[in-house]
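Observations on chain architecture
What follows is each chain in one-letter form.
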Amino acid sequence: MSIPVYIPANGGRCDHLDQLRDVEPDSEDTCRDCRAVGGRWLHLRECLTCGHVGCCDNSPNRHATAHWRTTGHALIRSYETGEIWAWCYPDEAMLLPANL
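These remarks concern the structure in this document. Quick caveat: nothing in here was measured; it's all calculated off a predicted structure.

What counts and how
Each chain has its residues counted from 1, following the order in which its sequence is written. Reporting in this predicted model follows two pLDDT cut-offs: at least 70 for local features of residues, and 80 or more for side-chain atom pairs to be given and counted; totals over whole chains, interfaces and linings ignore these cut-offs and use all residues. Here the side-chain values reflect all heavy atoms present in the structure, with hydrogen atoms and water set aside. Joining through side-chain atoms within 4.5 Å is the link that ties buried Ala, Val, Leu, Ile, Met, Phe, Trp, Tyr and Cys residues into a set, and such a set is a nonpolar core. Burial here depends on accessible area, computed with a 1.4 Å probe over protein chains only, as a share of the maximum for the residue type. Under 20% is buried, over 50% is exposed, and the range in between is partly exposed. Strands are runs of DSSP state E lasting at least 2 residues, helices are runs of H or I lasting at least 4, and numbering of each runs from the N terminus. The criterion used for residue contact is that any of the two residues' heavy atoms lie within 4.5 Å. Only when DSSP finds a minimum of two bridges between them are two strands counted as paired. Angular values range over 0 to 180 degrees, each being the angle between N-to-C directions of two axes fitted as lines to C-alpha atoms, with helices fitted over their stretch in contact. Any pair of N or O atoms that falls within 3.5 Å is considered a polar contact. Within protein, one atom must be able to donate a hydrogen and the other to accept it, and sequence-neighbouring residues count only if both atoms are side-chain atoms.

**Quick notes on the nonpolar core**
In terms of nonpolar packing, the biggest core is built from 10 residues, these being Y6, C14, L20, L48, A74, L75, A86, C88, A93 and L95. Contributing elements (two or more residues each) for this core: β5 (86-88) and β6 (93-97). If we ignore the near neighbours within four places in the chain, the residues touching L75 are C14, H16, L17, Q19, L20, E46, C47, L48, T49, W87, C88 and L95. Listed in part, the 6 residues of the second largest apolar core include C31, C34, L44 and Y79.

**Examining the sheet that holds strand β2 (residues 44-47)**
With respect to topology, 6 strands assemble into an open sheet ordered β1-β6-β5-β4-β2-β3, the strand pairing being antiparallel. The strands lining the two open edges of the sheet, one partner per strand, are β1 (6-8) and β3 (53-55). When the angles between neighbouring strand axes are averaged without regard to direction, this sheet yields 35°. Taken together, the 3 bridges between β1 and β6 define a ladder with antiparallel strand orientation. Residue pairing across strands places I7 opposite L96, the latter belonging to β6. Of the strands in this sheet, β2 and β3 touch helix α2 (residues 63-71), which is tilted by about 120° from β3.

**Overview of the side chain of T65**
Position of T65 relative to the elements: it lies in helix α2. Of note is the side chain of T65, whose polar atom sits 2.5 Å from the side chain of D57. Apart from the residues lying within four places of it in its own chain, the contact partners of T65 are D57 and Y89.

**Observations regarding the environment of A98**
Position of A98 among the secondary structure elements: in the segment after β6. C-alpha of A98 to C-alpha of H52: the two residues are 46 residues apart in sequence and 22 Å apart in space. Setting aside anything within four residues of it in sequence, one finds A98 in contact with V5, Y6 and I7.

Taken by themselves, the reported measurements are silent on function.
If you want it as structure tokens, here you go:
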């Protein structure tokens, strides 16, 4: 695997693309944080700096956002089949793969 290349969509700006890493997800199909507390999740997001997989903001515990707030890892991608977008939390920027 190689470091993904994303660019801001719709003329947006992202000053955190230097945080992109070649990561392996720490879970295949679950939010481990939710499982640890007996919670539930709707959609999963993967941190593009360390590979942490957490639940989305529509989930009760919002573990992907909590991970950003705890670690400062600004970039996530959707971990849902067929979705190709990524997001930068501090810049509130939608990111798309550069090869589109």
